[in-house]
Amino acid sequence: MTYAFDAELAPWVPMLPVLDLRDPAAAREVGRAIAAQLPPPDLTGLTVLDRTVPGPAGAPAVPVRIYTPQPLAASAPAVLHLHGGGFVLGDLALEHADAAAFASGIGAVVIAVDYRLAPEAPFPAALEDSYAVLCWLAGNTDELGVDPTRLGLYGRSAGGGIAAGLTLLTRDRGGPRLAMQYLDVPVLDDRLDSVSMRAYVDTPIWNRPSAELGWSHYLGDSVRPGDPGVSPYAAPARAEDLAGLPPAFVSGCQFDPVRDEGMRYAQRLAQAGVPTEAHLYPATFHGSALVTEAAVSRRMRRDAVAAFRRML
């Protein structure tokens, strides 16, 4: 199919790698190659620390990367950062530059989470890893120098789906209070029944075949995508009650199979009384924000920083 991509994005499309999630190991190699080709982050004025924090009960410790502006303002916010990768790939390197830019642009301590990946560690491993790091963050705000009332959450793509599930889990467990959630092109619905999901079978980075495989890997052997028993913590679009969740910003791309589920989720958040902003970027595809040379990509990243500065 031919798509009317933004004129600055279109030349990049033929150069984008194909992610074949049938072979997770090979897909991870492609992901690492993508990360290696991205422009290096600007770490000016930041300290960056890699460490581990306690994981869920009976599970390994979770690697994190902590970005701290220097000097750090009093009562600074903190942002938990969840990378994308279709639940199957991605690590601290994939969105290193974006996490650093958030820390600098927001003036926040950013904690990037290297959660466990499917299929080796299916749901709820990534979600529980993220919850463990959030609890660690909330319990160590003095050490980190951040305001415990200004804790934000960011997730891109599959990380956006995990972030949305994390807000539900945190609410239902009475966990740390979040001041906001930013769901960037989130993967939210395993049922794959929206207009955009049915239409976009060959779009760059993410498309229906990728979504089918990603969900199958993430849900594991106990349940199949589309089955009635899928947990709303895995597929937040299934959640019946969205009340009491933190204020939200939801972004979407026009030519993206997850476009409709993201915009529908934003609408349902607003209907549930959650302060919600949504922005759909025209002529873009999933992951366009990582194409650094395009003006629309720069705008998407600026909008994210502005949303955090306004809402957090």
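Please read all numbers here as calculations on a predicted model, not as lab measurements. (Residues numbered from 1 in each chain as written. Predicted model: local features only at pLDDT ≥ 70, side-chain atom pairs only at ≥ 80, totals over all residues. Heavy atoms only, no water.)

### Topic: the overall build of the protein
Secondary structure summary: the protein contains nine helices and eight strands in total. For the protein, the C-alpha radius of gyration of 18 Å lies close to 20 Å, the compact-globule estimate for 312 residues. Expressed as lengths along the three principal axes of its C-alpha atoms, the size of the protein is roughly 50 × 45 × 40 Å. Out of the 312 residues in the protein, the part that is buried amounts to 55%. Across the protein, the fraction of contacts at a sequence separation of at least 24, relative to all contacts at a separation of at least 6, is 77%. When the accessible area of the protein is evaluated, it comes to approximately 12,400 Å², of which 55% is carbon and sulfur surface. Across the protein, the centroid of the 25 positively charged side chains sits 3 Å from that of the 34 negatively charged ones. (Helix = DSSP H or I, 4+ residues; strand = E, 2+ residues; numbered from the N terminus. Rg over C-alpha atoms; globule rule 2.2 N^0.38 Å. Buried < 20%, exposed > 50% of the residue type's maximum accessible area, 1.4 Å probe, protein only. Contact = heavy atoms within 4.5 Å. Areas by Shrake-Rupley, 256 points an atom, 1.4 Å probe, with all protein chains shown as cover. Lys, Arg positive; Asp, Glu negative; His and termini not counted. Charge placed at Lys NZ, Arg CZ, Asp CG, Glu CD.)

### Looking at the sheet that holds strand β8 (residues 276-285)
Strand order in the open sheet made by the eight strands is β1-β2-β4-β3-β5-β6-β7-β8, with mixed pairing throughout. Each edge of the open sheet is held by one strand with a lone partner, namely β1 (46-53) and β8. Neighbouring strand axes in the sheet, compared pairwise and without regard to direction, differ in orientation by 20° on average. Taken together, the seven bridges between strand β7 (residues 248-255) and β8 define a ladder with parallel strand orientation. Directly across from Phe 255, in β8, lies its bridge partner Phe 285. Lying on the sheet, helix α2 (residues 96-106) is in contact with β1, β2 (62-69), β3 (76-82), β4 (109-113) and β5 (146-156); it crosses β2 at an angle near 40°. Where helix α3 (residues 125-139) meets the sheet, its contacts fall on β1, β2, β3, β4 and β5, and the angle it forms with β3 comes to roughly 165°. (Pairing = 2+ DSSP bridges. Axes fitted to C-alpha atoms, helices over the stretch in contact; angles between N-to-C directions.)

### Concerning the pattern of salt bridges
In the structure shown here, the tally under the stated rule is 17 salt bridges. For Arg 171, the salt bridge is made with Asp 172, and the minimal N-O distance between the two is 2.8 Å. With a closest N to O distance of 2.7 Å, Arg 238 and Asp 190 form a salt bridge. Linking Arg 238 in the loop between α7 (208-219) and β7 with Asp 190 in the loop between β6 (180-184) and α6 (195-199), this pair joins segments that are 48 residues apart in sequence. Taken as a pair, Arg 238 and Asp 190 share a single burial class, namely buried. Through salt bridges with shared partners, a single network forms among Glu 95, Asp 98, Arg 156 and Asp 184. (Salt bridge = Lys/Arg side-chain N within 4 Å of Asp/Glu carboxyl O.)

### Digging into the nonpolar core
Core analysis: the largest hydrophobic core is formed by 62 residues, its most contacted members being Ile 111 and Tyr 265. Ignoring sequence-local partners within four residues, the contact set of Tyr 265 consists of Ala 164, Leu 168, Leu 183, Leu 188, Pro 236, Ala 237, Leu 242 and Leu 245. (Core = buried A, V, L, I, M, F, W, Y, C linked by side-chain atoms within 4.5 Å.)

### Here's the deal with the packing of α2 against helix α9 (residues 295-311)
Running from N to C, α2 and α9 cross one another at 45°; their axes reach a closest spacing of 10 Å. On the basis of their axis angle, the class for α2 and α9 is oblique. When the axes of α2 and α9 are compared, the crossing they make is right-handed. For the pair α2 and α9, the contacting residues are Asp 98, Ala 101, Phe 102, Gly 105 and Ile 106 in the first and Arg 301, Ala 304, Val 305, Phe 308 and Arg 309 in the second. (Parallel < 35°, antiparallel > 145°, perpendicular 65-115°, else oblique. Left-handed = near helix turned anticlockwise from the far one by under 90°.)

### Quick look at the pairing of β2
Among the eight residues of β2, seven are classified as buried, and the element is accordingly described as predominantly covered. As paired strands, β1 and β2 are joined by eight bridges and run antiparallel to one another. Across the sheet, Thr 52 pairs through a bridge with Pro 63, a residue of β2. Summarising the sheet, β2 and β4 pair through four bridges and their orientation is antiparallel.

### Side note on the side chain of Glu 95
The residue Glu 95 is located in the loop between β3 and α2 in this model. Since its relative accessible area comes to 4%, Glu 95 is described here as buried. Residues within four places of Glu 95 in sequence aside, it is in contact with His 81, Leu 82, His 83, Gly 84, Tyr 154 and Arg 156.

### Here we look at the layout of surface pockets
By volume, the largest pocket amounts to about 590 Å³. Along the walls of the largest pocket sit 27 residues, with Leu 16, Ile 34, Leu 38, Ile 205 and Leu 290 positioned nearest its centre. Per-element accounting of the lining of the largest pocket gives the leading share, three residues, to helix α1 (residues 24-37). Among the residues making up the lining of the largest pocket, the classes are represented as 15 nonpolar, nine polar and three charged. In this model, the second largest pocket occupies a volume close to 370 Å³. Every residue lining the second largest pocket is counted, 19 residues in all, and those nearest its centre are Pro 39, Pro 40, Pro 41, Ala 97 and Asp 98. The dominant element in the lining of the second largest pocket, judged by the number of residues it contributes, is α2, at six residues. (1 Å grid on protein atoms, 1.4 Å probe; cavity = no way out; pocket = protein on both sides within 12 Å on 5 of 7 lines; lining within 4 Å. Points joined across faces, edges and corners; volume = space filled by probe spheres on them. Nonpolar A, V, L, I, M, F, W, Y, C, P; charged D, E, K, R; others polar.)

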